[in-house]
Amino acid sequence: MKHLALLFSFALLLAGHADAQTPRKGGTIRMTAPYGAGLSGLDMHNTPRANDDIYGKVVHRTLYNYDSDKGVPVLELAKSVAVSNNGLTHTFKLRDDVFFHNGKKMTADDVIYSFTRIMDGKRAFPAARWVRIVRGAVDVEKGQATTIEGLKKIDDFTLEMTLTDRVDPGFYFYNGNTAIYPAGEADKPEFLQKPIGLGPFKFVEHIPGSRLVAERWEKFYKPGMPYADRVVIAIMGEAPARDVAFRNKEIDLSILGPAQYVAYREDPNLKNGILEVAEVFTRHMGMNPEFKPFADKRVRQAINHAIDTDLIIKRLVKDKAYRATSWLPLTSPAYDKTRKPYAYDPEKAKKLLAEAGYKDGFEFEWTTSQNESWGLPIVEAVLPMLARVGIKVKVKQVEVNVLIDLRNKGEFQAFILSTQSGPDALGALKCFHSATPMTACNYYRFKDAEFDKLVDAAGQTDSADERNALLRKADAILYDEAPVWFFNYNKAVMAYQPWIKGLQANATELTHQYPEHIWVEESSPAK
Amino acid sequence: MLAYAFRRTLQSFPTVAAVALVVFVLFSVIPGSIATSMSDDGRGAMDAEVVQRMRKELGLDDPVYVRFAKYVGNLAVLDLGTSFRSREPVSQLLAKRMWPTMQLVLAAMGFAIVIGVPLGFVAAMRPGGVIDAVSMVTAVSGLSIAKFWFGLLLMYLFALKLGWFPTFGYGGWWYLVLPAVTLGVSPLALLARTTRAAALEVTNADFVRTARSKGMSEARVVRWHVVRNVAVIVLTTLGLQFGSLMGQAVVVEKLFSWPGIGSLLVDSVFQRDIPAVQGCILLIVLFFLVVNTLVDIACAVIDPRIKYT
């Protein structure tokens, strides 16, 4: 009898556990848009901003999604894709059960319309960056064609896409600003006020600077999803206000900065609701080889040895970062787990500087923003470390937009910034290819024949393993050549309320949650 | 009266033109552009070709004088241009944000008047007393307190600890209380101090002493002589504060996620959305001028010695 009771209790426990994991229908997900300047607008094609794609994931959909578990883009609006032998033509079998929020079924025409709209040169949409990979897209951008040659409708649900390069289109078309719109609708002025998308929630209202509300789209193509009835995105750029609102249970998700990360980890009520992920951003100090000392690899290596990077991460960044061991981030399939970072060794740094002819050191100008994680506080911590090996630094502090402008123009000796380095390892390393101009993304004017060969070979192979092996070798060359001071990879941290389930550890941007997977338990105060 | 109002309106044109010029020149010379700001601190991907195309299509590569001529030309037909960020007409953006800011400014001013003016009067009636000391400490604190910090304190106390009001957001009156108190605290302090000083000065004036010596009751003295004379000074302060509150709302609106002109201005500045910045600043300046013109007229109505000149 006693055994039977025990067995019964165990069964109840199991049942209870299973029930806790069963997604609940209903409730409201209360997200936040935490990055500075609100939402730019409601036209996804017109924005590359991370903040805007929080709304993008709720209301819109792209050809691919980013699968956080697998760490790769996966087909979303298509059931399958066949790739031609030369790797350039991709034939997509589109889903035939996808409906826009106005009730219209999505077809190949909508994809062609959306991509053609993006490439309209007169509109100068930032999303053109991604669609330019389709053959003939640039002609539309330049006004030399009205249709994209590389996009062909075979039938309503079959789309042929020819690319200009052998790349995985998933890395291009998972980006939120390549959202698919219903053909013709986005040309109507009211679309900017009341957008129509394919996402799991349909647009209800946008109070600029305050909130965006969306409600469940009943004809969403994933069976049983979305779970929640509504999504509210609160526009909250101020971290202290977000902190109070989160503690007051008025929001369900909040991105944490270093100071809050420490506070939340130490709070017994909050420490169990923290989601961490190594995002695909590499914080670094870029060095301009046109500034004579930085042309010498030994000087660049010396800088990497002269800085006690671990100490800075621990004390200043409060462990809200992972030590960088080269350019590719931790979550990259080409990341080399065996590589050790540059050791803190001022003596070795001095020796390298002496070998390079800078026994008495030199002075350089370091352009920085005020950012707490990769700006002035970090630079100030590094100054005495560099001074110890004889390097003097003149700090030039500017606003981050100005910094980006100066970097893009190559007007710097050194700068510190956080730059996206994934999830496309090939794309990230192509920025260091000698054929990539400085104005594109080779801000470091990196040039290495062996590196170029490896990246080119990686672009030609169909084998993912082989590609990753080649890119790993290329990344090792970057480590050795040290075009930058490898600082850290961002550890994104999100606090979530205990009633929120189904969050995804999205390494491309933690705030980018596919909300159809999220459910809200009964205990949420928001009904 | 109408002629005076018309003349005041005409006088405000040079001010508006000067502000338009200063804002335009300022945003033409500072580095950075909408294209670079879109990369969101490196989180969003922008490439050089797109940046170039955006600069060309948005007219940012045109010489400054060409851009200024276009801007003035559009302004002359009341066209504030199109937002670089949202691609919506700026007038439409401002229209959406105007009412929330007016709500906030009116509530803040209401709070400041209801508390500040009586506080100043009471303090003046008993100079050196406990109420006077308390009111002046309050006034000095109110003037020197940082709005961001004060707003956070209010959030912490009244939202998190007491649960009386929501921390942030926009909706019913209960969303308005904390931002309005945060915004209203410095005009409250200034009004209290001004009222006290004015009331003290007037109560010691010759004409008040004469009225008292003629046997006029204290209530009548206060109503007919003190209040009317203090009102002119208070009203002038009120007008200046009311006009400038829209500009001061910037911090409060961002902190409380309040969808007004202030938060639009901050966002637009950071994103170098020049047409939106120009629109916001022009609106704030116009508001200031209109309020001050109305105050001048009101002062003249209260005190007939003030001439419409």
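Residues numbered from 1 in each chain as written. Chains lettered and ligands numbered in written order. Predicted model: local features only at pLDDT ≥ 70, side-chain atom pairs only at ≥ 80, totals over all residues.

Caption draft 1: Representation of the overall build of chain A in the model. Along its length, chain A carries 17 helices and 19 strands. A compact globule built from 527 residues would reach a C-alpha radius of gyration of about 24 Å, and chain A, at 25 Å, matches this within 12%. With the C-alpha coordinates aligned to their principal axes, the bounding extent of chain A is approximately 70 × 70 × 50 Å. Across the 527 residues of chain A, 51% fall into the buried class. A fraction of 71% describes how many contacts in chain A between residues 6 or more apart in sequence connect residues 24 or more apart. (Helix = DSSP H or I, 4+ residues; strand = E, 2+ residues; numbered from the N terminus. Rg over C-alpha atoms; globule rule 2.2 N^0.38 Å. Buried ≥ 20, exposed ≤ 12 C-beta atoms within 10 Å, placed from the backbone. Contact = placed C-beta atoms within 7 Å.)

Caption draft 2: Up close: the sheet that holds strand 7 (residues 158-162) of chain A. Residues and elements named next belong to chain A. An order of 4-5-7-6 is seen for the 4 strands of this open sheet, with the pairing classed as antiparallel. Pairing within the sheet leaves two strands with one partner each, and these edge strands are strand 4 (78-83) and strand 6 (151-155). Put simply, the sheet's adjacent strands are angled 20 degrees from each other on average, direction ignored. Here strand 5 (residues 89-94) pairs with strand 7 via 5 bridges, running antiparallel. (Pairing = 2+ DSSP bridges. Axes fitted to C-alpha atoms, helices over the stretch in contact; angles between N-to-C directions.)

Caption draft 3: Local environment of the domain arrangement of chain B. Residues and elements named next belong to chain B. Taken domain by domain, chain B comprises domain 1 (2-76) and domain 2 (93-302). For domain 1 and domain 2, the distance between their C-alpha centres works out to 31 Å. On the side of domain 2, 15 residues touch domain 1, which itself brings 14 residues to the contact. Of all the secondary-structure elements, those providing two or more residues to the side of domain 1 that touches domain 2 are helix 1 (2-29) and helix 2 (34-37). With 10 residues, helix 1 is the single largest residue contributor to the side of domain 1 that touches domain 2. (Domains from an automatic or database assignment.)

Caption draft 4: Inspection of the environment of Gly209(A) at higher detail. Mapped onto the elements of the fold, Gly209(A) is located in the loop between strand 8 (201-207) and strand 9 (211-216). Each C-alpha atom of the pair Gly209(A) and Ile312(A) lies 35 Å from the other, and the pair is 103 residues apart in sequence. If near-sequence neighbours (up to four positions away) are discounted, Gly209(A) is found in contact with Gly38(A), Ile235(A), Glu253(B), Ser257(B), Pro259(B), Ser263(B) and Leu264(B).

Caption draft 5: Up close: the sheet that holds strand 9 of chain A. All names here are of chain A. Spatially, the 4 strands line up as an open sheet ordered 1-10-9-8, and their pairing is mixed. Looking at strand neighbours, the two that pair on one side only are strand 1 (28-33) and strand 8, the edges of this open sheet. Taking the axes of each pair of neighbouring strands and ignoring which way they run, one obtains an average angle of 20 degrees across the sheet. Relative to strand 9, strand 8 is paired through 6 bridges, and the arrangement is antiparallel. The partner of Ile207 across the bridge, within strand 9, is Arg211.

Caption draft 6: Looking closely at the interface of chain A and chain B. Chain A puts 52 residues into the contact, and the matching count from chain B is 48 residues. If you tally residues by element for the side of chain A that touches chain B, the top one is helix 14 (residues 400-409) of chain A, at 6 residues. For the side of chain A that touches chain B, the class distribution of residues is 22 nonpolar, 19 polar and 11 charged. (Nonpolar A, V, L, I, M, F, W, Y, C, P; charged D, E, K, R; others polar.)

Caption draft 7: Structural view of the domain arrangement of chain A. Residue and element names in this part refer to chain A. With domains assigned, chain A is organised as domain 1 (23-59 + 199-252 + 497-527), domain 2 (61-184) and domain 3 (278-490). Distance from the C-alpha centre of domain 1 to the C-alpha centre of domain 2: 25 Å. Contact residues are listed per partner, giving 19 residues for domain 1 and 18 residues for domain 2. It is helix 2 (residues 50-59) that provides the largest number of residues to the side of domain 1 that touches domain 2, a total of 3 residues.

Caption draft 8: Structural detail: unusual backbone geometry. Backbone torsion omega between Met225(A) and Pro226(A) reads -5 degrees, so that peptide bond is classified as cis. Looking at the secondary structure, you find Pro226(A) in the loop between strand 9 and strand 10 (230-235). Omega for the peptide link from Gly422(A) to Pro423(A) comes to 0 degrees, which places this bond in the cis form. Positionally, Pro423(A) belongs in the loop between strand 16 (414-420) and helix 15 (425-430). Not every positive phi belongs to a glycine, and Arg87(B) is a case in point at roughly 60 degrees. Inspection of the secondary structure puts Arg87(B) in the loop between helix 4 (64-76) and helix 5 (90-125).

Caption draft 9: Region of the structure containing the packing of helix 10 (residues 297-306) of chain A against helix 12 (residues 346-355) of chain A. Residue and element names in this part refer to chain A. Where helix 10 meets helix 12, the axes come as close as 8 Å, and the angle between the chain directions of the two elements is 165 degrees. Classified by the angle their axes make, helix 10 and helix 12 are roughly antiparallel. Considering only the axes of helix 10 and helix 12, their crossing is left-handed. For the pair helix 10 and helix 12, the contacting residues are Arg298, Val299, Gln301, Ala302, His305 and Ala306 in the first and Pro346, Lys348, Ala349, Leu352, Leu353 and Glu355 in the second. Here the residues of the contact of helix 10 with helix 12 sort into 7 nonpolar, 2 polar and 3 charged. (Parallel < 35°, antiparallel > 145°, perpendicular 65-115°, else oblique. Left-handed = near helix turned anticlockwise from the far one by under 90°.)

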